[in-house]
Amino acid sequence: MRPSARIPGILAGLVLATGGALVAAPAATAAPTSIQDCEQYIVQHGKKVTDAVGQACYEGTIGNQTSCAASLQEAGIPANVANVA
């Protein structure tokens, strides 16, 4: 294959890969996306928001989902709610 023919092929592949990632990304964000959303989710499930819950929600918003869920469970939030919040 000639080098001049490879470049458009590579660029087309990159565009398709990037476009697919952008289309799939919004569907993956079903969980709360901010500290306030997380805290509201906790309240909707009948639990009180404490400092520990706020800290756990913060951990989740910076991407540490495992620590967030564990901290919420330590704060008395049921596992099924903690894993979604």
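For the structure itself, consult the block above.
It should be emphasised that the depicted structure is a prediction, and the values quoted were computed from it without experimental measurement.

Draft legend 1. Seen up close, the overall build of the chain. Helix and strand counts for the chain come out as five helices and zero strands. Tracing the chain from N to C terminus, the helices and strands come up as α-α-α-α-α. The contacts in the chain between residues at least 6 apart in sequence include a share of 39% that link residues at least 24 apart. Summed over its atoms, the accessible surface of the chain is roughly 5,800 Å², and 61% of this surface lies on carbon and sulfur atoms.

Draft legend 2. Quick peek at the nonpolar core. Listed in full, the 12 residues of the largest apolar core are Cys38, Tyr41, Ile42, Val53, Ala56, Cys57, Cys68, Leu72, Ile77, Val81, Ala82 and Ala85. Elements that contribute at least two residues to this core include exactly α2 (35–44), α3 (51–61), α4 (65–74) and α5 (79–84).

Draft legend 3. Quick peek at the environment of Ser67. Here Ser67 shows up in helix α4. By relative accessible area, Ser67 is classed as partly exposed at 23%. Between the C-alpha atom of Ser67 and that of Cys57, which follows or precedes it by 10 residues, the distance is 9.6 Å.

Draft legend 4. Here's a closer look at the state of the cysteines. In the structure shown here, the tally under the stated rule is one disulfide. The residue that forms a disulfide with Cys38 is Cys57, at a sulfur-sulfur distance of 2.0 Å. Disulfide Cys38-Cys57: torsion about the S-S bond near -65 degrees, hence left-handed. You can see Cys38 sitting in helix α2 and its partner Cys57 sitting in helix α3, a full 19 residues away along the chain. For the pair formed by Cys38 and Cys57, the shared burial category is buried. Residue Cys68 stays outside any disulfide, its sulfur separated by 5.1 Å from that of Cys38, the closest cysteine. Relative accessible area serves as the criterion here: at 1%, Cys68 is assigned to the buried category.

Draft legend 5. Broad picture of α4. What α4 keeps buried is the set Cys68, Ala69, Ser71 and Leu72. For α4, the angular spread of buried residues about the axis comes to 165 degrees, placing them on one side. Counted as exposed and oriented over 90 degrees from the buried face of α4: Thr66 and Glu74. Where α4 is buried, its residues contact α2, α3 and α5. Once α4 finishes, Gly76 follows within two positions and takes phi at roughly 95 degrees, a positive value.

Here is what the cut-offs are and how they apply
- Residues numbered from 1 in each chain as written.
- Predicted model: local features only at pLDDT ≥ 70, side-chain atom pairs only at ≥ 80, totals over all residues.
- Heavy atoms only, no water.
- Helix = DSSP H or I, 4+ residues; strand = E, 2+ residues; numbered from the N terminus.
- Contact = heavy atoms within 4.5 Å.
- Areas by Shrake-Rupley, 256 points an atom, 1.4 Å probe, with all protein chains shown as cover.
- Core = buried A, V, L, I, M, F, W, Y, C linked by side-chain atoms within 4.5 Å.
- Buried < 20%, exposed > 50% of the residue type's maximum accessible area, 1.4 Å probe, protein only.
- Disulfide = S-S within 2.5 Å.
- Arc of directions from axis to C-beta.

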